[in-house]
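Fold and contact review
Each chain is listed here by its residues.
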Amino acid sequence: VQLQAFGGGLVQAGGSLRLSCADSEGAFSSYVMGWFREAPGKDREFVACINFNRARTHYADFAKGRFFISRNVAAHTLYLHMNNLKPEDTATYYCAARRWGLGAPLRPDEGYDYWGQGTEVTVSS
């Protein structure tokens, strides 16, 4: 069972990127899916998540209004659309899955069981 993130790259500040995360076996269709990022020298941080039927999403404050999470359940693919990118968005971005639905007792950034390899995003000023 694998999650594979791709779509990172080098972009100028103000530009856009779309990250994708492929669920190669379709194993996570009923899972909450999320994006996290880890910048050099910093801890990993939550970016956004979406539940299995796309009815609920959560975003980190820095992502609100600029990033948009979506998923194509039939294609087993998760997306992160990133707009108005800033140099501080430079990080390795990871996709993840958790079996527990959104809601207590887990926060949106907790409980992820499966992780994909990261894809690097570099935003130049």
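Residues numbered from 1 in each chain as written. Predicted model: local features only at pLDDT ≥ 70, side-chain atom pairs only at ≥ 80, totals over all residues. Heavy atoms only, no water.

Moving on, we get to the sheet that holds strand β8 (residues 77-82). With antiparallel pairing, the four strands of this open sheet are ordered in space as β1-β3-β8-β7. The strands lining the two open edges of the sheet, one partner per strand, are β1 (3-6) and β7 (67-72). Each neighbouring strand pair of the sheet contributes to a mean axis angle of 15°, computed without reference to strand direction. Relative to β8, β7 runs antiparallel, the two being bridged by six bridges. What sits directly across from Ile69, in β8, is Leu80. (Pairing = 2+ DSSP bridges. Helix = DSSP H or I, 4+ residues; strand = E, 2+ residues; numbered from the N terminus. Axes fitted to C-alpha atoms, helices over the stretch in contact; angles between N-to-C directions.)

Moving on, we come to the nonpolar core. Core analysis: the biggest nonpolar cluster contains 28 residues, and Trp35, Leu80, Met82 and Tyr93 have the highest contact counts within it. Sorting elements by how many residues they give to this core places strand β9 (residues 91-98) first, with four residues. Counting residues in each nonpolar core, the second largest holds eight residues, with Phe46, Ala96, Leu102 and Tyr112 among its members. (Core = buried A, V, L, I, M, F, W, Y, C linked by side-chain atoms within 4.5 Å. Buried < 20%, exposed > 50% of the residue type's maximum accessible area, 1.4 Å probe, protein only.)

One pass over the structure, following the stated rule, counts one disulfide. Among the cysteines around Cys49, which has no disulfide bond, Cys95 carries the closest sulfur, lying 13 Å off. (Disulfide = S-S within 2.5 Å.)

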